[in-house]
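Residues per chain, in single letters:
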Amino acid sequence: MKRLVLVLIGAIFMLSACNPAATGMRIGPDGKPVPSIYRISQRDSAKIQYRMLDAVNTLRQARGARPLELDARLTAAAATHSRDMSVQNRPWHFGSDGSSPLDRVARTGYAGTMQGENISETYETELETLADWMEEPGSRDVVLDPKATDLGFAFYQEMNGKIWWTLVTGRRAAQPIGGM
């Protein structure tokens, strides 16, 4: 009998740990967890960019592709687009002025060729966003493109916590094509 009581008490403790209220998780009216807001401070911006670069290069290395280097011009194009998507309140590849990713990269003076662009509208971290991109074949191809040599990565966070992420890849002029 004592054993049964101990098992029941243990089960109650385990089940209480699954209670969203006990973990601080909020549940929305649809019964799904409400996303927590990932707040980004100005001082964390560079850390986030290099964390993304490291994560992308780890994924690329696993596929035999050469590592990317962070490029300020591609990052400027990404930052411009992240803010513009917020202004437009929609995640898409065209700017409010009708510009394409190619146009935005050219405006920065990047001497190479733009290879691809990934975008996202989310409350998730940069690494959760990268994981989502890796689930989609087109977005995954941008991250793992063996022709890419450079990376631009930026975000814009609204006051409500929503984050607009943009990742741009490019290939420097006169770079050989292929893996490592």
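What this report covers is the structure whose coordinates are included nearby. (Residues numbered from 1 in each chain as written. Predicted model: local features only at pLDDT ≥ 70, side-chain atom pairs only at ≥ 80, totals over all residues. Heavy atoms only, no water.)

**Regarding the packing of helix α6 (residues 126-135) against helix α7 (residues 137-144)**
The condition is simple: As a rule, the C-alpha atoms of each element are fitted with a line to give its axis, helices using only the stretch in contact, and angles between N-to-C directions run from 0 to 180 degrees. Comment: elements are numbered from the N terminus, with helices defined as DSSP H or I runs of at least four residues and strands as E runs of at least two. Throughout, the term roughly parallel applies to angles under 35 degrees, roughly antiparallel to angles over 145, roughly perpendicular to angles from 65 to 115, and oblique to all others. The contact criterion used is simple: two residues touch if any of their non-hydrogen atoms lie within 4.5 Å. Charged means Asp, Glu, Lys or Arg here, nonpolar means Ala, Val, Leu, Ile, Met, Phe, Trp, Tyr, Cys or Pro, and polar covers whatever is left, Gly included.
Where α6 contacts α7, the two axes come as close as 5 Å, and the packing angle between them is 110°. What the angle tells us is that α6 and α7 run roughly perpendicular. Between α6, through Leu130, Trp133, Met134 and Glu135, and α7, the contact on the second element is made entirely by Pro137, Ser139, Arg140, Val143 and Leu144. Looking at the contact of α6 with α7 residue by residue, the classes come out as six nonpolar, one polar and two charged.

**Description of the packing of helix α3 (residues 45-62) against α6**
What counts here: Two helices crossing with the near one rotated counterclockwise from the far one by less than a right angle form a left-handed crossing, whereas a clockwise rotation gives a right-handed crossing.
At their nearest, the axes of α3 and α6 sit 10 Å apart, and the two run at 30° to each other. Crossing angle aside, the handedness with which α3 passes α6 is right-handed. Across the interface between the two elements, Ile48, Arg51, Met52, Ala55, Val56 and Leu59 from α3 touch Glu126, Leu127, Leu130, Trp133 and Met134 from α6. Among the residues making up the contact of α3 with α6, the classes are represented as nine nonpolar, no polar and two charged.

**Here's the deal with the side chain of arginine 104**
Quick note on the threshold: When a residue's accessible area, from a 1.4 Å probe over protein chains only, is under 20% of the maximum for its type it is buried; when over 50% it is exposed; and in between it is partly exposed. What qualifies as a polar contact is a pair of N or O atoms within 3.5 Å, subject to a donor-acceptor requirement within protein and to the restriction that residues adjacent in sequence count only when both atoms come from side chains.
Structurally, the position occupied by arginine 104 is in helix α5 (residues 101-107). Overall, arginine 104 belongs to the buried group, its relative accessible area being 6%. Polar contacts involving the side chain of arginine 104 include one to the main-chain carbonyl oxygen of serine 99, which spans 3.2 Å. With residues near it in sequence (within four places) discarded, arginine 104 still touches Ala77, His81, His93, Phe94, Gly95, Ser99 and Glu117.

**Digging into α7**
Residues of α7 that are buried include every one of Ser139, Val142, Val143 and Leu144, and no others. Next to the buried residues of α7 lie α3, β2 (113-122), α6 and β4 (163-171).

**Considerations on the nonpolar core**
Filter applied, for reference: In this description, a nonpolar core means a group of buried Ala, Val, Leu, Ile, Met, Phe, Trp, Tyr and Cys residues linked to one another through side-chain atoms lying within 4.5 Å.
Met52, Val56, Leu130, Trp133, Phe153, Trp165 and Leu167 are the most contacted members of the largest nonpolar core, which totals 18 residues. Contributions of two or more residues to this core are made by α3, α6, α7, β3 (150-157) and β4. Counting eight residues, the second-largest nonpolar core is a separate cluster that includes Leu74, Ala77, Tyr110 and Met114.

**Examining the pairing of β3**
Counted only if it meets this: Only strands joined by at least two bridges in the DSSP assignment are considered to pair.
Extensive coverage of β3 is indicated by the burial of seven of its eight residues. Pairing between strand β1 (residues 69-70) and β3: two bridges, direction parallel. Its bridge partner being in β3, glutamate 69 is matched across the sheet by aspartate 150. Note that β3 and β4 share eight bridges and pair antiparallel. Opposite glycine 152, over in β4, you have valine 168 as the bridge partner. Here β3 folds back onto β4 in antiparallel fashion, the turn holding five residues, of which glycine 161 has a positive phi close to 100°.

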